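Residue-level structure breakdown
If you want the building blocks of each chain, they are given just below.
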Amino acid sequence: NAGVTQTPKFQVLKTGQSMTLQCAQDMNHEYMSWYRQDPGMGLRLIHYSVGAGITDQGEVPNGYNVSRSTTEDFPLRLLSAAPSQTSVYFCASRTGAFANTGELFFGEGSRLTVL
Amino acid sequence: EDKVVQSPLSLVVHEGDTVTLNCSYEVTNFRSLLWYKQEKKAPTFLFMLTSSGIEKKSGRLSSILDKKELSSILNITATQTGDSAIYLCAAYPVGGATNKLIFGTGTLLAVQP
């Protein structure tokens with residue numbers, strides 16, 4: 001059971017570089033999302049998607065782009081990395097595009113450092 | 001602004017102790033509350049609570065929701081070192097913000113042998 005798979009697990013970038021964090025789920029979940037986790041800030045929602053072709057902004061979307069071309073994949077792009085984007089990133093999915101109950105299933109996280 | 005607040009921020013106990021973690025929420029049109037345990041990697045689901053006063057249990061862990069007080073507690077009895085983790089509380093609103101599960105900052109629990 002793969003569940004939610006994120007790659008890479010670790011990445012070091014220089015300021016201004018771009019990169020993509022990959023997320024794939026094999027549970028046929030409609031809803032997928034990206035969170036970042038910072039000390040003292042908890043998990044904050046960056047972007048989310050309720051299905052292929054549909055994305056929307058969360059709480060902290062600036063500096064990030066997403067797309068959802070398939071049900072399975074939801075990549076997160078950093079356009080021009082900044083030190084403030086140093087964080088641990090989690091991809092999460094659940095069944096039910098508009099459910100307000102139901103657990104989120106998380107990937108194992110991607111630790112990004114921007115120098 | 002919707003928010004979830006957890007207390008204490010951190011806690012150190014000894015094996016065998018009982019602990020109570022607190023979560024309070026201010027969420028527009030609250031629908032449900034979730035608890036997660038986070039060790040080194042991904043948060044793992046513990047409980048989902050939607051009805052006030054009904055306790056959910058799993059082994060030594062239990063949780064209950066109080067909609068009147070806008071709060072929830074997570075109890076862990078006979079703690080073990082394997083319970084050491086960050087415990088996250090999160091709330092779902094209803095309506096336009098349905099998809100924005102709101103997390104608290106977590107309680108860091110350390111269980112010493």
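Residues numbered from 1 in each chain as written. Chains lettered and ligands numbered in written order. Predicted model: local features only at pLDDT ≥ 70, side-chain atom pairs only at ≥ 80, totals over all residues. Heavy atoms only, no water.

**Observations regarding the overall build of chain B**
Selection rule: Helical segments are the DSSP runs of H or I of at least four residues, strand segments are the runs of E of at least two, and each set is numbered from the N terminus. Only C-alpha atoms enter the radius of gyration; for comparison, a globular chain is expected to reach 2.2 Å times N to the power 0.38, where N is the number of residues. Throughout, exposure labels follow a simple rule: accessible area from a 1.4 Å probe, protein chains only, divided by the maximum for the residue type, with under 20% read as buried, over 50% as exposed, and the rest as partly exposed.
Helix and strand counts for chain B come out as zero helices and eleven strands. Each helix (α) and strand (β) of chain B, taken in turn from the N terminus, gives the series β-β-β-β-β-β-β-β-β-β-β. The C-alpha radius of gyration of chain B comes to 14 Å, within 12% of the 13 Å expected for a compact globule of 113 residues. Expressed as a percentage of its 113 residues, the buried residues of chain B come to 43%.

**So, the packing of aromatic side chains**
Two aromatic rings, taken as a pair, are described by how far apart their centres are and by the angle between their planes. Let me state the cut-off plainly: Think of it this way: a Phe, Tyr or Trp ring, Trp meaning its six-membered ring, pairs with another when their centres are within 6.5 Å, and the plane angle makes it stacked under 30 degrees, edge-to-face over 60, tilted otherwise. Only Lys NZ and Arg CZ are tested; either one counts as a charge over a ring when it is within 6 Å of the ring centre and within 35 degrees of the ring normal.
Using the criterion set out here, one finds ten aromatic pairs over all chains in the structure. Ring centres of A:Y35 and B:F103 lie 5.4 Å apart, and the angle between their planes is 85°; this geometry places the pair in the edge-to-face category. With one member in each of two chains, A:Y35 in strand β4 (residues 31-38) and B:F103 in strand β10 (residues 102-103) form a pair that bridges those chains. According to the relative accessible area criterion, A:Y35 is buried, its value standing at 0%. A centroid spacing of 5.8 Å and a plane angle of 75° characterise the contact between B:Y36 and B:F45, whose relative ring orientation is edge-to-face. Residue B:F45 is classed as partly exposed on the basis of its relative accessible area of 30%. Cluster of aromatic residues (ring-pair linked, three or more members): A:Y35, A:F90, A:F106, B:Y36, B:F45 and B:F103. Of note, A:R94 hangs over the ring of A:Y31, and the distance from its end group to the ring centre comes to 4.0 Å.

**Thoughts on the confidence of the model for chain B**
As a reminder of what qualifies: Every residue is assigned a pLDDT by the predictor, reflecting its confidence on a scale from 0 to 100.
Chain-level pLDDT for chain B is 91 on average; 96% of the residues reach the 70-or-more range. Within chain B, the element-level pLDDT minimum falls on β10(B), averaging 91, and the maximum on strand β8 (residues 71-76) of chain B, averaging 97.

**Structural notes on the sheet that holds strand β1 (residues 4-7) of chain A**
All names here are of chain A. Going by this rule: By definition, two strands form a pair when at least two bridges between them are found by DSSP. To get an axis, fit a line to the C-alpha atoms, keeping to the stretch in contact for a helix; angles then go from 0 to 180 degrees between the N-to-C directions.
Pairing is antiparallel in the open sheet, where four strands are placed in the order β1-β3-β8-β7. The open sheet has two edge strands, β1 and β7 (64-66), and neither has a second partner. Here the strands of the sheet are splayed against their neighbours by 20° on average, with no regard to which way each runs.

**Description of the interface of chain B and chain A**
Rules: A contact between two residues is defined here by any heavy atoms of the two lying within 4.5 Å. Once two parts are put together, the accessible area they lose, assessed with a 1.4 Å probe and summed over both, is termed the buried area. Think of a salt bridge as a Lys or Arg side-chain nitrogen and an Asp or Glu carboxyl oxygen that are within 4 Å of each other. N or O atoms closer than or at 3.5 Å make up a polar contact, with two conditions inside protein: a donor-capable atom paired with an acceptor-capable one, and, for residues adjacent in sequence, both atoms drawn from side chains.
With 22 residues of chain B at the contact, the number on the chain A side is 24 residues. Taken together, both faces of the contact between chain B and chain A bury some 1800 Å²; the carbon and sulfur share is 57%. At the boundary of chain B with chain A, the tally comes to one salt bridge. Where B:K41 meets A:E108, a salt bridge forms, and the shortest distance between an N and an O atom there is 3.5 Å. The interface formed by chain B and chain A includes four residue pairs in polar contact (both at pLDDT 80 or more). Contributing elements (two or more residues each) for the side of chain B that touches chain A: β4 (30-38), β5 (43-49) and β9 (85-93) of chain B. The element that contributes the greatest number of residues to the side of chain B that touches chain A is β4(B), accounting for five residues.

**Considerations on the state of the cysteines**
Inclusion rule: Here, a disulfide means two cysteine sulfur atoms that sit within 2.5 Å of each other.
Evaluation of the coordinates by the stated rule reveals two disulfides over all chains. Paired through a disulfide, A:C23 and A:C91 show a sulfur-sulfur distance of 1.9 Å. What sets the handedness of the A:C23 and A:C91 disulfide is the S-S torsion sign, and at about -70° it is left-handed. On the criterion of sequence distance, the pair formed by A:C23 in strand β3 (residues 19-25) and A:C91 in strand β9 (residues 87-94) is long-range, its members being 68 residues apart. A:C91 gets classed as buried once you look at its relative accessible area, which sits at 0%. The partner cysteine of B:C23 in its disulfide is B:C89, sulfur to sulfur 1.9 Å. Taking the sign of the S-S torsion, -65° for the link of B:C23 and B:C89, the bridge is left-handed. You can see B:C23 sitting in strand β3 (residues 19-26) and its partner B:C89 sitting in strand β9, a full 66 residues away along the chain.

**What to know about the sheet that holds strand β1 (residues 3-7) of chain B**
In any sheet, the strands associate via hydrogen bonds between backbone groups, in a parallel or an antiparallel arrangement. Residues and elements named next belong to chain B. Read across the sheet, five strands follow the order β1-β3-β8-β7-β6 without closing on themselves; strand pairing throughout is antiparallel. Looking along the sheet, the strands with just one partner apiece sit at the ends: β1 and β6 (56-58). With strand direction ignored, the average angle separating the axes of adjacent strands in the sheet is 15°. Where β3 meets β8, six bridges bridge the pair, whose relative direction is antiparallel. The residue of β8 that forms the bridge with N22 is I73.

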